[in-house]
Amino acid sequence: MDTRFQQMARRPGGVPKELAIEQALSQLDGFKDEFVDWVDREVKELSAAFKTMTDGRQRASELNDIYRRCCQLRDTGTTMGLELITFVADNLCQVLDNVKAGAPYDADVVACHTDALLLAKQKNYRDLRPDQVIEMTSGLQKILDRTKKIGESVG
């Protein structure tokens, strides 16, 4: 038995699926500039929040707030189709997972990722895929792997 939504979706007179997708994609393109402004503000706020953690005695609530913000950047980047921002934010989420698991907090690792986020939001990089900037993405991956190994040896 069909749900009410399924029945409504199949009724005559609606917008064809292809046209609906095209309209949705054009709407997303319109939001990209606003998103880039939001990324800029969010990265600045993240940088300020990370500075409070430099003594290595971060509270779990602060770390969880920062982690949530990174996840939000990653997820919104995915929604907006900005793969490079998504990659960098996801990498940073994994770094924070490692810190939560016992790896020491490293301000340089975080600064590297926040700088990469600021670069990824720039117009020249915004629509690039991670495989198009392999030096940056492989470097970030190596940093992530290092923090993971440190976390495993500590935990």
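The following refers to the structure shown. Just so it is clear, the structure is predicted and the values come from calculations on it, not from any experiment. (Residues numbered from 1 in each chain as written. Predicted model: local features only at pLDDT ≥ 70, side-chain atom pairs only at ≥ 80, totals over all residues. Heavy atoms only, no water.)

Some remarks on the overall build of the protein chain
Inference 1: A tally of regular secondary structure across the protein chain gives seven helices and zero strands.
Inference 2: The linear arrangement of helices and strands in the protein chain, starting from the amino end, is α-α-α-α-α-α-α.
Inference 3: In terms of overall size, the protein chain is more extended than a compact globule, its C-alpha atoms giving a radius of gyration of 19 Å where 155 residues would be expected to give roughly 15 Å.
Inference 4: The principal-axis extents of the C-alpha atoms in the protein chain amount to approximately 60 × 40 × 25 Å. (Helix = DSSP H or I, 4+ residues; strand = E, 2+ residues; numbered from the N terminus. Rg over C-alpha atoms; globule rule 2.2 N^0.38 Å.)

Structural notes on the nonpolar core
Inference 1: Judged by nonpolar contacts, the single largest core of 35 residues is most densely connected at Phe 50, Leu 73 and Leu 117.
Inference 2: Of all elements in the fold, only helix 2 (17-51), helix 3 (60-80), helix 4 (83-100), helix 5 (107-120) and helix 7 (134-154) reach the threshold of two or more residues within this core.
Inference 3: Broken down by element, this core gets its largest block of residues, nine residues, from helix 4. (Core = buried A, V, L, I, M, F, W, Y, C linked by side-chain atoms within 4.5 Å. Buried < 20%, exposed > 50% of the residue type's maximum accessible area, 1.4 Å probe, protein only.)

Section: the environment of Arg 68
Inference 1: With respect to the secondary-structure elements, Arg 68 resides in helix 3.
Inference 2: When the C-alpha atoms of Arg 68 and Cys 93 are compared, they prove to be 8.6 Å apart, with 25 residues separating the residues in sequence.

Side note on the packing of helix 2 against helix 3
Inference 1: In the contact formed by helix 2 and helix 3, the axes pass within 11 Å of each other and the chain directions differ by 160 degrees. When the interaxial angle is binned, helix 2 and helix 3 end up roughly antiparallel. Relative to helix 3, the crossing made by helix 2 is left-handed. Across the interface between the two elements, Leu 28, Phe 31, Lys 32, Phe 35, Trp 38, Val 39, Glu 42, Val 43, Glu 45, Leu 46, Ala 49 and Phe 50 of helix 2 pack against Ile 66, Arg 69, Cys 70, Gln 72, Leu 73, Thr 76, Gly 77, Thr 79 and Met 80 of helix 3.
Inference 2: Residues that form the contact of helix 2 with helix 3 fall into these classes: 13 nonpolar, four polar and four charged. (Axes fitted to C-alpha atoms, helices over the stretch in contact; angles between N-to-C directions. Parallel < 35°, antiparallel > 145°, perpendicular 65-115°, else oblique. Left-handed = near helix turned anticlockwise from the far one by under 90°. Contact = heavy atoms within 4.5 Å. Nonpolar A, V, L, I, M, F, W, Y, C, P; charged D, E, K, R; others polar.)

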